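Here is how the chains run, residue by residue.
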Amino acid sequence: MEIENEQTDNINSTELENLSDTPFSGDEENGGTEEIKTEINGNWIPATSINEAKINARAKRRLRKNSSRDSGRGDSVSDNGEAVKSGVIVPTSPKGKHLDRRSRSGKGRGLPKKGGAGGKGVWGTPGQVYDVEEVDIKDPNYDDDQDNCVYETVVLPLDEKAFEKTLTPIIQEYFEHGDTNEVAEMLKDLSLGGMKYSVPALAVSLALEGKASHREMTSRLLADLCGKVVDKSDVEKSFDRLLRDLPELVLDTPRAPQLVGQFIARAVGDGILCNSYIDGYKGTVDCSQARAALDRATVLLSMNKGGKRIDNVWGSGGGQQSVKHLVKEIDMLLKEYLLSGDVSEAERCLQELEVPHFHHELVYEAVVMVLESTGETNFKMMLNLLKSLWKSAVITVDQMNRGIERIYCEIPDINLDVPHSYSVLEQFVEECFKAGIISKPLRDLCPSRYIRKTSQNFSEVYAAC
């Protein structure tokens, strides 16, 4: 009430004069003392009381307008005339009360709840980092052993069916890429358990059905896996199992006893089997296939002095061999054929080299031997060999043509050592054409020491003395 009285006293006289509803007469303004009464509802009320009520109502309306304007900028006065602290917003209309999202109780600063960390699907304020929750020792569910507990992923060991199903693709892929380190890493990721000793046995059984190069790669794989994935005792168990399973392996691979014996000899030479492994079976083997395998291993080991590694037990073939080594092997193959005359043996040895992309070297070396020979024996034998290899499709058209073209390119150098090489080459090429080994265009390209016209009416000089 004190605030209302002070606000009423501050109203100046000009505002009072402008009030349209002021019932004062001119006498009262001139200082008259006569009191005028007004009848309201049958009661006579002094005019001064009515004027005071109107003035108070007008003052309250002004205060409400000021408080709504200055609600966010400073202190204001409530409806009851009490001072309101700055920051507290007093709703001015029912509509504003419902739409205003700030606190309706008049408390707080009007900020979002929980500092913006509240609401559906919110896990905290943006950028908040949660610390590691400390274990409460006084918690009734607290366990002393949970502090030292280590959680790891448990992988069950492979059973026999899952073992063979998982490792067979790995070994077959190894036959393609030949990377032993990749196989070792893949085997370490598996839970082999008590099936580790079956890894060498499975690799050998798959290699028995493959080529000689696969057996060589398997021997290298066993040597590299020993000490990383398996140990020597596991390798011994693997070969013990292979010797017991030989009667079944012979059904699919008739040469299984000899091949297993070569694997045993190679393993002893590589140091992954002890030297006394074969001696431990003397007089205790009843299976004829197992005895044949052990005898084969004993013979191979006796051929090597000082226990050296048997590197050539599977032959020397495959694309991993050096070019010089392959050239040497082909040269020895042709020389043995000239001595024995066995075409089938020469064909078998060529296939065991497993280098179909290098068969042009055999054609080249065979023609060179014909040019360097003096009699007709080598001429006929080499022609017969090439004819047989051509009919059996061991040597393809591309490899045959490439070998002959190499001779065409190098005949000038060969002629320096063999004076009659041009005439001998023409005769040999003509016989090859008659036998159907080479085509007519390739025969026409045969170089000569003379100028010759071709069907296209242009001259080519192939060689000059």
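Bear in mind that the values here come from a model prediction, so they are computed numbers and not experimental data.

Calculation notes
- Residues numbered from 1 in each chain as written.
- Predicted model: local features only at pLDDT ≥ 70, side-chain atom pairs only at ≥ 80, totals over all residues.
- Heavy atoms only, no water.
- Helix = DSSP H or I, 4+ residues; strand = E, 2+ residues; numbered from the N terminus.
- Contact = heavy atoms within 4.5 Å.
- Expected span 1.5 Å × (residues − 1).
- Buried < 20%, exposed > 50% of the residue type's maximum accessible area, 1.4 Å probe, protein only.
- Arc of directions from axis to C-beta.
- Core = buried A, V, L, I, M, F, W, Y, C linked by side-chain atoms within 4.5 Å.
- pLDDT = per-residue confidence, 0-100.
- Axes fitted to C-alpha atoms, helices over the stretch in contact; angles between N-to-C directions.
- Parallel < 35°, antiparallel > 145°, perpendicular 65-115°, else oblique.
- Left-handed = near helix turned anticlockwise from the far one by under 90°.
- Nonpolar A, V, L, I, M, F, W, Y, C, P; charged D, E, K, R; others polar.
- Salt bridge = Lys/Arg side-chain N within 4 Å of Asp/Glu carboxyl O.
- Phe/Tyr/Trp six-rings, centres within 6.5 Å; stacked < 30°, edge-to-face > 60°.
- Lys NZ or Arg CZ within 6 Å of the ring centre and 35° of its normal.

Engineer: Which residues make up the overall build of the chain, and what values go with them?
Structural biologist: The number of helices and strands found in the chain is 20 helices and 6 strands. Put simply, of all contacts in the chain between residues at least 6 apart along the chain, 64% involve residues at least 24 apart.

Engineer: How would you explain helix α13 (residues 288-302) if you had to name every residue and give the values?
Structural biologist: Over its 15 residues, α13 runs 21 Å from end to end, which matches the ideal 21 Å to within 8%, given 1.5 Å per residue. Among the residues of α13, those classed as buried are A290, A293, L294, A297 and L300. Buried positions in α13, seen along its axis, are confined to an arc of 125° and lie on one side of it. As for α13, its buried residues are in contact with α10 (232-244), α11 (246-252) and α12 (256-270).

Engineer: I'd like a rundown of the nonpolar core, residues and numbers included.
Structural biologist: If you look at the biggest cluster of nonpolar residues, it comprises 51 residues, and the most contacted ones within it are L208, L225, F239, L243, L246, I264 and L273. Those elements that provide at least two residues to this core are α6 (160-177), α7 (180-189), α8 (198-208), α9 (212-225), α10, α11, α12 and α13. Those residues in contact with I264 that sit more than four places away from it in its chain are F239, L243, L273, Y277, I278, L294 and A297.

Engineer: I'd like a description of the confidence of the model for the chain, backed by residues and values.
Structural biologist: Parts of the prediction with low pLDDT should not have their coordinates interpreted in detail. Per-residue pLDDT for the chain averages 77, and the proportion of residues at 70 or more is 71%. The weakest mean pLDDT in the chain belongs to strand β6 (residues 459-460) at 40; the strongest belongs to helix α16 (residues 360-372) at 93. Across residues 72-81, where pLDDT falls below 50, the model places 14 contacts with residues more than four positions away in sequence or in other chains. Predicted confidence for residues 451-465 stays below pLDDT 50, and this span has 20 contacts to residues more than four positions away or in other chains.

Engineer: So what about the packing of α6 against α7? Which residues, and what values?
Structural biologist: Where α6 meets α7, the axes come as close as 9 Å, and the angle between the chain directions of the two elements is 165°. In terms of orientation, α6 lies roughly antiparallel with respect to α7. α7 is crossed by α6, and the crossing has right-handed handedness. Where α6 abuts α7, its residues L167, I170, Y174 and H177 lie against T180, E182, V183, M186 and L187. A per-class count over the contact of α6 with α7 returns 6 nonpolar, 2 polar and 1 charged.

Engineer: Can you lay out unusual backbone geometry for me, pointing to particular residues and giving the numbers?
Structural biologist: You will see that A393, though not glycine, has its phi angle at about 65°, which is positive. Position of A393 among the secondary structure elements: in the loop between α17 (377-391) and α18 (397-417). A residue is classified by how much of its surface remains accessible, and A393, at 56% relative accessible area, is exposed.

Engineer: So what's going on with the pattern of salt bridges? Residues and values would help.
Structural biologist: Within this structure, the stated rule accounts for 11 salt bridges. The closest approach of N and O atoms between E216 and R266, which form a salt bridge, is 2.9 Å. A residue pair is termed long-range when its members are at least 10 positions apart, and E216 in helix α9 and R266 in helix α12 qualify at 50 residues. Residue R266 is classed as buried on the basis of its relative accessible area of 3%. In this structure, the salt-bridge partner of E352 is R348, at a minimum N-O distance of 2.4 Å.

Engineer: An account of the side chain of E365 is needed here, citing residue identities and associated values.
Structural biologist: Structurally, E365 is set in helix α16. When near neighbours in sequence (up to four residues on either side) are disregarded, E365 contacts V327, I330, D331 and L334.

Engineer: Account for the packing of aromatic side chains, naming residues and giving values.
Structural biologist: For the structure shown, the criterion picks out 3 aromatic pairs. Relative to F175, the ring of Y174 has its centre 6.1 Å away and its plane inclined at 50°; by these criteria the two rings are tilted. The exposure class of Y174 is buried, given its relative accessible area of 2%. Residue F175 is classed as buried on the basis of its relative accessible area of 12%. Their ring planes at 65° and their centres at 5.5 Å tell us that Y277 and Y281 sit as a pair that is edge-to-face. Taking the ring centre of Y364 as reference, the NZ or CZ of R406 above it sits at 4.2 Å.

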